[in-house]
Amino acid sequence: MTTQKKTHTLVLAALFLALALVLPFVTGGIPAIGNMLLPMHIPVLFCGLVCGWQYGLGVGLAAPLLRSLLFGAPPMYPNALAMAFELAAYGLIIGLVYARLPKQGWGALYASLLAAMAGGRLVWAVAEAVLLGMAGNAFTLQAFLSGAVLSAVPGIVLQLALIPAVMVALDRTGVLRFRRAEG
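None of these values were measured; they are calculated from a predicted model.

Draft legend 1. Quick peek at the packing of helix H4 (residues 53-71) against helix H5 (residues 76-100). Following both chains from N to C, one finds H4 and H5 inclined at 165°, their axes separated by 7 Å at the closest point. Comparing the axis directions of H4 and H5 gives the class roughly antiparallel. For the crossing formed where H4 meets H5, the hand is right-handed. Facing H4, whose interface residues are Trp53, Gly56, Leu57, Gly60, Leu61, Pro64, Leu65, Ser68 and Leu69, H5 presents Met76, Ala80, Leu81, Met83, Ala84, Leu87, Ala88, Gly91, Leu92, Gly95 and Leu96. Looking at the contact of H4 with H5 residue by residue, the classes come out as 15 nonpolar, 5 polar and no charged.

See below:
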């Protein structure tokens, strides 16, 4: 990778980190809406797709911790800590899966996105269980289903609609080309 390409990728990763810090303000400071729309997840997922798994992992790990330190939300323990593991998993998984697929397009986007969403939620559950367990609290299956699935349905739908649509638009405009299968 050339120095110019590395710089370009680093600038894009910084842009995605900034978006992850700022997008939660769109929810107007109403935690229930933020929990439903998952505004920090979207830039991390884009970062993994566009910049690669290393940057997606780093931005995902840093975003909730920085946001907690700078703005006090989400609360550092256990929310920001658990989210750091979750978002790091999102960036890592989507970047790895997407890069390994021989052809990129709608199918690859959805495969990568679904793998990241499932893996990230499982990592979040483990992180919550460990963090809450250290404080003598239990993390139940009901808490997992409520936090990772039921309350997140609007955000999941938004991610499944928005991310592939933007990536396809970037391909069609030539800003970011899909890799085509060889042969």
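Draft legend 2. Local environment of the UniProt feature "transmembrane region" (unreviewed entry) in the chain. This chain's UniProt record puts "transmembrane region" (unreviewed entry) on residues 76-99, 106-127 and 147-170. Secondary structure across residues 76-99 comprises 100% helix and 0% strand; the distance between its end C-alpha atoms is 32 Å. Taken end to end, residues 106-127 has its terminal C-alpha atoms 31 Å apart, with 100% of it in helix and 0% in strand.

Draft legend 3. Spatial organisation of unusual backbone geometry. Cis geometry is found at the peptide bond from Ala73 to Pro74, where omega equals 0°. Relative to the assigned elements, Pro74 resides in the loop between H4 and H5. Here the residue pair Tyr77 and Pro78 is connected by a cis peptide bond, since its omega of -5° sits within 30 degrees of zero. Relative to the helices and strands, Pro78 is located in helix H5. Positioned with a positive phi, Leu38 is a non-glycine residue whose angle comes to about 55°. If you trace the backbone, Leu38 turns up in the loop between helix H2 (31-37) and helix H3 (41-51).

What counts, and where the lines are drawn
- Residues numbered from 1 in each chain as written.
- Predicted model: local features only at pLDDT ≥ 70, side-chain atom pairs only at ≥ 80, totals over all residues.
- Heavy atoms only, no water.
- Axes fitted to C-alpha atoms, helices over the stretch in contact; angles between N-to-C directions.
- Helix = DSSP H or I, 4+ residues; strand = E, 2+ residues; numbered from the N terminus.
- Parallel < 35°, antiparallel > 145°, perpendicular 65-115°, else oblique.
- Left-handed = near helix turned anticlockwise from the far one by under 90°.
- Contact = heavy atoms within 4.5 Å.
- Nonpolar A, V, L, I, M, F, W, Y, C, P; charged D, E, K, R; others polar.
- UniProt positions renumbered as here; feature names shortened; annotations may be inferred.

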